[in-house]
Amino acid sequence: QVQLVESGGGLVKPGGSLRLSCAASGFTFSNYALSWYRQTPGKERELVAITWTGGTTNYANSVKGRFTISRDDGKDTVYLQMYSLKPEDTAVYYCNANGPLSSARRNDYWGQGTQVTVSS
């Protein structure tokens, strides 16, 4: 059974930091691209950061220099370290796994989401 379980969300003041974690099970984690998305009410889900196998990463322009995505293939976990948080970072954050990258047929798995609220 595939599971992606996010944790680490919460309420933080502007300028603060949070680290989100996403623990995976039920698939070959190391063969998947892993991403963090976020969504606010009335808006489409947007890609925040992605890490490919081999460690290549990409970020949305809005978070470059403030957020860092990383993966631990030994623990089947992906992280999103967030610094210098702004009120506009407030959203539900979702973990995504897409793969296996070696296959033309790919699965797309989602976590349940974790709320991040940046407010004074």
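Right above here is the structure, for reference.
Residues numbered from 1 in each chain as written. Predicted model: local features only at pLDDT ≥ 70, side-chain atom pairs only at ≥ 80, totals over all residues. Heavy atoms only, no water.

What follows concerns the pattern of salt bridges. Inspection of the entire model under this criterion finds four salt bridges. Across the salt bridge formed by R66 and D89, the nearest N and O atoms sit 2.8 Å from each other. Linking R66 in the loop between β6 (57-59) and β7 (67-72) with D89 in the loop between β8 (77-82) and β9 (91-99), this pair joins segments that are 23 residues apart in sequence. With its nearest N and O atoms 2.9 Å apart, the salt bridge here joins D73 to R71. Take D73: its relative accessible area is 36%, and that puts it in the partly exposed class. When salt bridges that share partners are traced, they join R38, E46, R66 and D89 into one network. (Salt bridge = Lys/Arg side-chain N within 4 Å of Asp/Glu carboxyl O. Helix = DSSP H or I, 4+ residues; strand = E, 2+ residues; numbered from the N terminus. Buried < 20%, exposed > 50% of the residue type's maximum accessible area, 1.4 Å probe, protein only.)

The next subject is the packing of aromatic side chains. In this description, an aromatic ring pair is defined by two values, namely the gap between the centres and the angle between the planes. A full pass over the atoms with the stated rule returns five aromatic pairs. Between the aromatic rings of F27 and F29, the centroid separation amounts to 6.4 Å while the plane-to-plane angle is 35 degrees, which identifies the pairing as tilted. Aromatic side chains Y32 and Y109 sit 5.9 Å apart centroid to centroid with 15 degrees between the ring planes, which places their arrangement in the stacked category. Note that Y32 is positioned in the loop between β3 (18-25) and β4 (33-39) and Y109 in strand β10 (residues 107-110), a separation of 77 residues in sequence. Within the aromatic cluster, the residues linked to one another by ring pairs are F27, F29, Y32 and Y109. Residue placement shows R45 over the ring face of Y94; its charged tip is 3.7 Å from the ring centre. One Lys or Arg, R45, reaches over the ring of W110 and ends 4.6 Å from the middle of that ring. (Phe/Tyr/Trp six-rings, centres within 6.5 Å; stacked < 30°, edge-to-face > 60°. Lys NZ or Arg CZ within 6 Å of the ring centre and 35° of its normal.)

To continue, consider the pairing of strand β5 (residues 46-51). Direction of pairing for β4 relative to β5: antiparallel, over a ladder of five bridges. Following the sheet pairing, W36 is matched in β5 by A49. The hairpin turn running from β4 into β5, its antiparallel successor, is six residues long, and G42 in that turn takes a positive phi close to 85 degrees. Pairing geometry for β5 and β6, over three bridges, is antiparallel. The residue bridging T51 from the neighbouring strand is T57, located in β6. (Pairing = 2+ DSSP bridges.)

Extensive coverage of β8 is indicated by the burial of six of its six residues. Here β8 shows two buried faces, one formed by T77, Y79 and Q81 and the other by V78, L80 and M82. Judged from the six bridges that link them, β3 and β8 form a sheet pairing that is antiparallel. Bridge pairing links S21 to Y79 in β8. One ladder, built from six bridges, connects β7 with β8; its direction is antiparallel. Paired with I69 across the strands is L80, a residue of β8. Connecting β7 to the next strand, β8, in antiparallel fashion are four residues, including D76 with a positive phi near 55 degrees.

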